[in-house]
Amino acid sequence: MKKPGIFITGTDTDVGKTVIAAGLALVLRAQGIRVGVMKPIATGCLNFGNRLVSMDVAFLMEAAENEWTGFSSPSRYKHPVAPKVAAELEKKEVDLDQIRKAYAELENKYDFLIVEGIGGLMVPINPKYYVTDLIREMKLPVLVVSKPGIGTINHTLLTIDAARIRGLDVKGIVFNRVPRANLSIAEMTNPKVISELSKVPILGSLPDIEDLDVERGKFGSLREMFQERIRIDSLLQDLQVK
Ligand SMILES: Nc1ncnc2c1ncn2[C@@H]1O[C@H](COP(=O)(O)OP(=O)(O)OP(=O)(O)O)[C@@H](O)[C@H]1O
Ligand SMILES: [Mg+2]
């Protein structure tokens, strides 16, 4: 059965997709919603014993309190590069069918799905298939994680355009790592400019959170900060999450 969910993409790699996806999972869990998390393809995985592990997925699974199954991380590569490139280097094509099956398993098991993207929207998975194609197959709406500073108008509008041209529905933008004080003129004015030009709502922004570290599995005050600063009520209503 089709379950509601959201695909978390970003204007770039390293903008905070995992942090925002985990923040959302923590808040939904606190509301008693059974959340399943997924990173369909993870590159830059670490070797533990003879198993490749994605620290992003470990972080997301802990936030959502998911039990360990392979479904949240069906495709893993060692090299920290785009999936198409990692697949070529490691001589292992991305198995899209395995990803489809894993996604269906998560839909059976959970009531809401949070899927983290790989880099940004135009990241190639194979020569003919991009992250946008995966989102279309999953039939998920999109949340964009952006940087607050100079350059972000261009990156965010490009991301929203790329999504819309391919028939994707962008539900909101979240700015990550916004300074708590002494904002530059760009940081102060960018959210309003972007929402006016794109007509996509800004759901909020997160500051730098002390003791938050994806790689070390530390949440710090992520749940409290997310709860306080990111408005998800209308998003959840829109997605028909009770
Ligand atoms: N608000 C924040 N406060 C403190 N540290 C943060 C914050 N947001 C992100 N970070 C740190 O910045 C790094 C990048 O964040 P994150 O892993 O969420 O980015 P990403 O977009 O998921 O990257 P990737 O494209 O590699 O998946 C991580 O080390 C994370 O701990
Ligand atoms: Mg990530």
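Whatever comes next refers back to the structure up there.
Reading the values: the criteria
Along every chain, residues carry numbers that run from 1 in the direction the sequence is written. A letter from A marks each chain and a number from 1 marks each ligand, given out in the order of writing. Local features are withheld for residues below a pLDDT of 70 in this predicted model, meaning they are given only at 70 or higher, and side-chain atom pairs are given and counted only at 80 or more; totals for whole chains, interfaces and linings count all residues. Just so you know, side-chain values use all the structure's heavy atoms and leave hydrogens and water out. Sites may look incomplete because water is not among the atoms; the donors themselves are N, O and S atoms within 2.8 Å of the metal, or within 3.2 Å for Na, K and Ca. Strands here mean DSSP runs of E at least two residues long; helices mean DSSP runs of H or I at least four residues long; both are numbered from the N terminus. Any two strands are treated as partners once DSSP identifies two or more bridges connecting them. Helix axes are fitted only over the stretch in contact, all axes being lines through C-alpha atoms; the angle between N-to-C directions runs from 0 to 180 degrees. Contacts are residue-level and defined by heavy atoms, with any inter-residue pair within 4.5 Å sufficient. Here is the rule for angles: anything less than 35 degrees is roughly parallel, anything more than 145 is roughly antiparallel, 65 through 115 is roughly perpendicular, and the remaining ranges are oblique. Ten residue types, Ala, Val, Leu, Ile, Met, Phe, Trp, Tyr, Cys and Pro, are classed as nonpolar, four, Asp, Glu, Lys and Arg, as charged, and the remainder, Gly among them, as polar.

### Quick word on the coordination of the magnesium ion (ligand 2)
Reasoning step 1: Protein coordination of the magnesium ion (ligand 2) is provided by Thr 18 (OG1), Asp 56 (OD) and Glu 116 (OE), with donor distances spanning 2.0 to 2.1 Å.
Reasoning step 2: Coordination of the magnesium ion (ligand 2) draws on donor residues from a single chain, spaced T-x37-D-x59-E in sequence. Separated by 38 residues along the polypeptide, Thr 18 in helix H1 (residues 17-30) and Asp 56 in helix H2 (residues 55-64) bring together distant segments of the chain.

### Comments concerning the sheet that holds strand S12 (residues 202-206)
Reasoning step 1: The parallel open sheet is built from 6 strands, whose spatial order is S2-S7-S1-S10-S11-S12. Every interior strand has two partners, whereas the edge strands, strand S2 (35-38) and S12, have only one. Across the sheet, the mean angle from the axis of one strand to that of its neighbour is 20°, orientation sign disregarded.
Reasoning step 2: Bridging between strand S11 (residues 170-176) and S12 involves 4 bridges; their strand directions are parallel. Looking at the pairing, Val 174 lines up with Gly 204 of S12.
Reasoning step 3: In the packing of helix H5 (residues 131-138) onto the sheet, the strands contacted are strand S1 (5-10), S2, strand S7 (112-116) and strand S10 (142-146), and the crossing angle to S1 comes to about 170°.
Reasoning step 4: Contacting S11 and S12, helix H7 (residues 185-198) crosses the sheet at an angle of about 170° to S11.

### A closer look at the packing of H1 against helix H8 (residues 222-229)
For any two helices packed against each other, one specifies the crossing angle of their axes together with the interaxial distance.
Reasoning step 1: Orientation of H1 relative to H8, taken along the N-to-C sense of each, is 85°, at an axis distance of 9 Å. Here H8 runs roughly perpendicular to H1, going by the angle between their axes. Of the residues in H8, those touching H1 at Val 19, Ile 20, Ala 22, Gly 23, Leu 24, Leu 26, Val 27 and Ala 30 are Leu 222, Arg 223, Phe 226 and Gln 227.
Reasoning step 2: Classifying every residue of the contact of H1 with H8 by side-chain character gives 9 nonpolar, 2 polar and 1 charged.

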